[in-house]
Amino acid sequence: MTDSEDTQAAASTSITSTTPTDKDAAKICILLNATGNVPIIKKRTWTVDPHKTVSWIQKFIHKYLKLDSNEQIFLYVNQTFAPAPDQIIKNLYDCHGTNGKLVLYYCKNQAWG
């Protein structure tokens, strides 16, 4: 191999070695705020894979709070609207993210719409 080939091989190796950190950086920061009579989650900020759905977050909150199976969790984006359960988090973040976070409000009863 020539010097230029060695340099190119080293450069391609360094690019592939930084890929896992790029993947971690691709996660979306979500701020969960309690509304109404739902228990408060002490850890409010979570990082989530951008390809997860709203229903996945609802199930996560339901499991984390150890709610009964007959209790529902409603999610709202910026106290404005309830996203569809099959909505991708990345799409919500791209449209409604502020200050590097997607703000979601959760409650047991319908609150804003």
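Bear in mind that the values here come from a model prediction, so they are computed numbers and not experimental data.

### Digging into the confidence of the model for the chain
Here's step 1: In the predicted model, the chain carries a mean pLDDT of 82, and 76% of its residues have values of at least 70.
Here's step 2: pLDDT under 50 marks residues 4-20. Its contacts with residues more than four places away, or in other chains, come to 1 contact.

### Focus on the pattern of salt bridges
Here's step 1: Within the structure shown, the criterion is met by 2 salt bridges.
Here's step 2: Residue Lys-108 pairs with Glu-71 through a salt bridge whose shortest N-O separation is 3.0 Å. Taken together, the residues Lys-108 in the segment after strand E4 (102-107) and Glu-71 in the loop between helix H3 (54-64) and strand E3 (74-77) connect sequence positions 37 residues apart.
Here's step 3: Residue classification places Lys-108 among the partly exposed positions, given a relative accessible area of 22%.
Here's step 4: Judged by relative accessible area, Glu-71 falls into the partly exposed class, the value being 24%.
Here's step 5: Between Asp-94 and Lys-90 there is a salt bridge whose closest N-O contact spans 3.1 Å. Here Asp-94 pairs with Lys-90, and both are found in helix H4 (residues 89-96), just 4 residues apart, close to one helical turn.

How each quantity is defined
- Residues numbered from 1 in each chain as written.
- Predicted model: local features only at pLDDT ≥ 70, side-chain atom pairs only at ≥ 80, totals over all residues.
- Heavy atoms only, no water.
- pLDDT = per-residue confidence, 0-100.
- Contact = heavy atoms within 4.5 Å.
- Salt bridge = Lys/Arg side-chain N within 4 Å of Asp/Glu carboxyl O.
- Helix = DSSP H or I, 4+ residues; strand = E, 2+ residues; numbered from the N terminus.
- Buried < 20%, exposed > 50% of the residue type's maximum accessible area, 1.4 Å probe, protein only.

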